[in-house]
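# Report on the structure
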Amino acid sequence: MEFPQQQKPAGDGKIVYPPGVKEITDKISNDEVVKRLKMVVKTYMDMDQDSEEEKQQYLGLALHLASEFFLRNPNKDVRLLVACCLADIFRIYAPEAPYTSHDKLKDIFLFITRQLKGLEDTKSPQFNRYFYLLENLAWVKSYNICFELEDCNEIFIQLFKTLFSVINNSHNQKVQMHMMDLMSSIIMEGDGVTQELLDTILINLIPAHKNLNKQAYDLAKTLLKRTVQTIETCIANFFNQVLVMGKSSVSDLSEHVFDLIQELFAIDPMLLTSVMPQLEFKLKSNDGEERLAVVRLLAKLFGAKDSELASQNRPLWQCFLGRFNDIHVPVRLECVKFASHCLMNHPDLAKDLTEYLKVRSHDPEEAIRHDVIVTIINAGKKDLNLVNDQLLGFVRERTLDKRWRVRKEAMMGLAQLYKKYCLHHEAGKESALKISWIKDKLLHIYYQNSIDDKLLVEKIFAQYMVPHNLDTEEKMKCLYYLYACLDTNAVKALNEMWKCQNMLRGLVKELLDLHKLPVSEANNTAMFGKLMSIAKNLPDAGKAQDFMKKFNQVLGEDEKLRVQLEMLISPTCSCKQAEICVREITRKLTFPKQPTNPFLEMVKFLLERIAPVHIDSEAISALVKLLNKSIEGTADDEEEGVTPDTAIRSGLELLKVLSFTHPTAFHSAETYESLLQCLKMEDDKVAEAAIQIFRNTGQKIETELQQIRSTLIPILHQKAKRGTPHQAKQAVHCIHAIFNNKEVQLAQIFEPLSRSLNADVPEQLITPLVSLGHISMLAPDQFASPMKSIVANFIVKDLLMNDRSVGNKNGKLWTTDEEVSPEVLAKVQAIKLLVRWLLGMKNNQSKSANSTLRLLSAMLVSEGDLTEQKKISKSDMSRLRLAAGGAIMKLAQEPCYHEIITPEQFQLCGLVINDECYQVRQIFAQKLHLALVKLLLPLEYLAVFALCAKDPVKERRAHARQCLLKNISVRREYIKQNPLAQEKLVSLLPEYVVPYMIHLLINDDHYSCGIKNICCMVENIKQTKDAQCPDDTKANEKLYIVCDVALFVIANKSTACHLDCPKEPVLPSKFFLIQDKDFKNDKEYLTAEMRQMLLTGKPKPAPVLGAVNKPLTVPGRRIFTKTTTASDTASNTSTNSSPLSSTIKNSQKTAPDAGTEASPVKRRGRPPKSAATAPVAADKEGAAAPVGGGTGRGRKRAADPNLNPSAESINIKMSKQQQQNDEGTKRQIDLQR
């Protein structure tokens, strides 16, 4: 083979071999070739660059070794030895190689590269020679010769591929070092790195290759780090073509650019100095999927633990944050997921993330809101300092999310944080204090309507707040101090939780009792009712009903299962026994085994709610011991963050609540001894709670604990006579509840108290009045008669009808309880005593109820100043009005008294909700709602909420609406759940309240049948007359105007008027007088102006409603005057206008103004009709009538003269009229008639 222009060997071209080496030709065997080559290798190894003579001598041999015979020899040993010789030749002849042909050089280096594959097997006998070959090439940098070749890239690519493919975990550090030297020299000393060569490096960073050969990844990583200055330009060029120019064909790795960027960034961010701006360009791409890929990449780059990219490249960071608001849902979701790692690895970036997470916490996508919570909670669980209060606030908000999945995640996340930092104190008191609000917030969720929320709160309480798997003492300590630290609403929620669980236990007990009765149709019906009630307390009521029916069937067939369930709900069941019962019941229901068993899951929900996992006799004893320690001052109260007084008071409150739900657990002498000590404490609240606990749990004291009985009786007597009003009430009830000789005990209290009543010392009257009232209510047969004389001679004549002291004239409408005068407090208790006395009797045989109602009505008409001596302050008058209104409402709950309440008295009671004092309106509305929602009050009292439309405070109007809707819902549900209620629809169906509140359900399109009922009722009302004043043309016209307004609004707001009315509505005859069939009222009472106003908008509200406590101008109020007539002593027959007969000012402009003639017989409670013409006359003379004016029925209300020009003149006329009435008659009320 000829080599053009190559050096000629000495000796006329004859090949000189080292001494002892014979000629190597293809004529000899492979073994002989190997033997001779080894000697040649030894010779070259011993030579160095300074051996000029030997270099010239063996030049021919060097050229001969590059012949085809050797380069393509099939024997690998021959090839290895030749490669070693060639490597030494390059070393010896450096820097000029003996081979000048480019093709020959290419063949030689490709040949040497192929031999390097032998490095793969470190256990091969020839490995040392392969290592020598690598070492020689790296040390000499032999491959740098290839830079002169045009196609050197092919050689380098082959070399890099070979080295990356052969490296493995059996290679030592020297092998890796020589490979690194060899490749880095090529990169750093060349003119640049081609894309193909770059690909051979980068391909090892792709996850798939990285996992296959970790050593190749490490080699590429080290290589890139060493050559970062040189290779960065090539990398930037590659990404520029792919990312910006979109030339994916430039490399097979184009589809892996984002994986490569991530790896390169992890290796050395300097490799991507020029690439990052390109990513900012990609973040703004129009392609959502492309933005998603970039966001995923940058999330990893920014979130990496030691990454400083956010601080080094602020524009890119801000651009990335902008993607939190991306229109593409997956992009926003990816950003939120990134935030978790970022918060954990880069707390300094939390401030930047907070605002964006806030927006995403309100994202319309459920999954994004869910992941915001997961992000924050995961960071918080790692370290609470990683999440600021604002981030925790986002989770707090999501506990009220509209989606259950989001709410559940938020609640469970907060519960986990509470358990870790507040219960286990893993990060100290400061962290516990930071999230101390969690316990309250979680319990507040129990107020939500969803049964899923309630069940989750119960689960959280049992597993995270007071873990049921703790031992009893530790568990009760958690509960004791938790209860002491809760806010008022959280305490109420926790109490409600125990109450609901106790109620459900009661339902299950009643169901089991029905199983003990013989099978019958009535029994099956009763069972069905119980099952429906139980199902309402479980998630997914539809499925729960089916599963409860199945469970009931299993109970009927399996007696052992019934026994276990009875044991579980037994009052004596311990917490440990409850766990065993639940486990046994669950085991019985697991067969046959299924991957998912929804029936079993539903039964587990039921068992979790009824199982006593916290409270038993042992638990109550532990609580009492904690209470004793707090009393003695040896408890850890201060360490737990509460004062001893707070711990004692809240501990007693806790025991009081548990005495309702677990009374049997209190039956021990030790517990009662501790409660007796509490009775002797100075704290009034503590003593009151202790008495109530005795009342709830002491049924066996008289028979089993004589010593406790003998100590308790004198204490109860003392509290009933000289304790606080609340203590007196509880003491009387306690005596009545637990002692057999209660008549004797109550008499011993009643007699001395009744003799010691003295109105001149009102401070000492309050407790006796409370005790006497409750005694007369609890034992009416024994004390009703004695009370009658006390009521007539002392309560009414001496106390209520006299004003002994002069009140504070500061002009305030309301003051705190401490500022109320003792005399007024005594009068309030006197009014309550009257009510309790009547409620105890439950009959009106003596007509005492009529007289009491007249007294209460007079109290309301006189603004609370019954004697009208103007000695009482305005704030005290407010208290008395509230007491009088509440008393009428309380009496209305008893059917025998409801029947005798006249329309006028009903109206006066209802108008308290429009009182000028905000607190009166607020408290009265709350009392009204509570009585209505329990179905204690008749349906007509629901109409009272209609009057709240005039309340000047927006919150009060909103509260009235909520109460109204709640009551409607309760009544509909009651009708649905009780088939027998169909017979009493007139008193239950919300539509039948329309005659009393005609303008309130017309906007409800959810009940089309109800809307038609309303239409029918209004149409029927228009064909009647006001029963209160049937001959009063003006009053009847106002009634018809209201009917026309209602019909007009319904016709324009609802599409249900065309439906048929399912049943002819019934109107209350007390309010509406049915006319003859010949009577037909088809007149239109609405003017065109009024119709236009109803269609286009609301009239501008009067400025008099602008303040909370400014006087309200209430329609339907008239001055209440009293005359003594024969009818007064016979019955309580006074009447008043309907609450619905309100004045419509604009419509009345077209109505006649003439009044009707006076009634020939003077009646209690209202003046003659002629006396009411003064305001009308004033109206005729041009004076503007007050807002809601009309005939001015009911008790008077002062209007602001600055707001109403005619107020002064009208008040003058009313005062003159009142003076005439006062001069002509004197008010006398005799309750004995």
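A quick note: this is a predicted structure, and the numbers were derived from the prediction, not measured.

The next thing to look at is the overall build of the chain. Across its full length, the chain holds 57 helices and two strands. Burial analysis of the chain (1233 residues in total) assigns 54% to the buried set. Considering only residue pairs separated by 6 or more positions, the chain has 73% of its internal contacts joining residues 24 or more positions apart. About 56500 Å² of surface is accessible on the chain, with carbon and sulfur atoms providing 50% of the total.

As a further point, take the pattern of salt bridges. In total, this model carries 46 salt bridges according to the counting rule given. A salt bridge links E510 to K530; the shortest N-O distance between them is 2.5 Å. You can see E510 sitting in helix 28 (residues 488-515) and its partner K530 sitting in helix 29 (residues 521-535), a full 20 residues away along the chain. Given the relative accessible area of 35%, E510 is considered partly exposed. A salt bridge links R709 to E702, with the shortest nitrogen-to-oxygen separation between them at 3.3 Å. The pair R709 / E702 is uniform in exposure class, with both members buried. Each member of the salt-bridge network shares a partner with another, and the members are K509, D513, K516 and E566.

Below, the discussion takes up empty space enclosed by the protein. The tally for this structure, following the rule as stated, stands at seven cavities of 30 Å³ or more. Approximately 60 Å³ is the volume found for the second largest cavity. In this structure, the second largest cavity is lined by D803, S805, V806, G807, S821, E823, V824, K827, K871, I872 and D876. In terms of residue count, the dominant contributor to the lining of the second largest cavity is helix 44 (residues 822-841) (three residues).

In terms of nonpolar packing, the biggest core is built from 347 residues, with Y44, L86, Y143, F239, L279 and F945 touching the most fellow members. Those residues within four positions of L86 in sequence are excluded, and the remaining contacts are L65, A66, L71, Y99, I108, F111 and I112. L555, L561, L600 and L606 belong to the second-largest nonpolar core, a separate cluster that totals 34 residues.

To continue, consider helix 48 (residues 903-910). Most of helix 48 sits inside the fold, with eight of its eight residues counted as buried. Every buried residue belonging to helix 48 is among P903, E904, Q905, F906, Q907, L908, C909 and G910, and all of these are buried.

Glancing now at the environment of L880. Structurally, the position occupied by L880 is in helix 46 (residues 874-892). With 20 residues separating them in the primary sequence, L880 and L860 have C-alpha atoms 8.2 Å apart.

Side chains of D471, E473, E474, E618, E639 and E640 sit close together on the surface and give a patch of like negative charge. Summarising the element assignment, D471 is placed in the loop between helix 26 (451-465) and helix 27 (472-485). The exposure class of D471 is exposed, given its relative accessible area of 51%.

This brings us to the side chain of K475. Note that K475 resides in helix 27. One buried charged residue, K475, forms no salt bridge at all, with the nearest opposite charge on E579 at 6.1 Å. Among the polar contacts listed, one links the side chain of K475 to the backbone oxygen of V613, at a separation of 3.1 Å. Once residues within four sequence positions are removed from consideration, K475 is found in contact with V466, P467, H468, L470, C575, V613 and H614.

Running from N to C, helix 34 (residues 617-632) and helix 36 (residues 669-679) point in directions that differ by 30°, and their axes come no closer than 10 Å. The crossing of helix 34 and helix 36 is left-handed. Residues I620, V624, K625, L627, N628 and I631 of helix 34 touch helix 36, and the partners they reach there are E670, T671, S674 and C678. Its residues placed into classes, the contact of helix 34 with helix 36 shows five nonpolar, three polar and two charged.

So, on to a positive patch on the surface. On the surface, a cluster of positive charge is made up of K499, K729, K832, K890, K927 and K934. Inspection of the secondary structure assignment puts K729 in helix 40 (residues 725-738). K729 sits in the partly exposed class, given a relative accessible area of 31%.

Reading the values: the criteria
- Residues numbered from 1 in each chain as written.
- Predicted model: local features only at pLDDT ≥ 70, side-chain atom pairs only at ≥ 80, totals over all residues.
- Heavy atoms only, no water.
- Helix = DSSP H or I, 4+ residues; strand = E, 2+ residues; numbered from the N terminus.
- Buried < 20%, exposed > 50% of the residue type's maximum accessible area, 1.4 Å probe, protein only.
- Contact = heavy atoms within 4.5 Å.
- Areas by Shrake-Rupley, 256 points an atom, 1.4 Å probe, with all protein chains shown as cover.
- Salt bridge = Lys/Arg side-chain N within 4 Å of Asp/Glu carboxyl O.
- 1 Å grid on protein atoms, 1.4 Å probe; cavity = no way out; pocket = protein on both sides within 12 Å on 5 of 7 lines; lining within 4 Å.
- Points joined across faces, edges and corners; volume = space filled by probe spheres on them.
- Core = buried A, V, L, I, M, F, W, Y, C linked by side-chain atoms within 4.5 Å.
- Patch = residues over 30% accessible without salt bridge, like charges linked within 9 Å, V, L, I, M, F, W, Y side chains within 5 Å.
- Lys, Arg positive; Asp, Glu negative; His and termini not counted.
- Charge placed at Lys NZ, Arg CZ, Asp CG, Glu CD.
- Polar contact = N/O pair within 3.5 Å; in protein donor to acceptor, adjacent residues only side chain to side chain.
- Axes fitted to C-alpha atoms, helices over the stretch in contact; angles between N-to-C directions.
- Left-handed = near helix turned anticlockwise from the far one by under 90°.
- Nonpolar A, V, L, I, M, F, W, Y, C, P; charged D, E, K, R; others polar.

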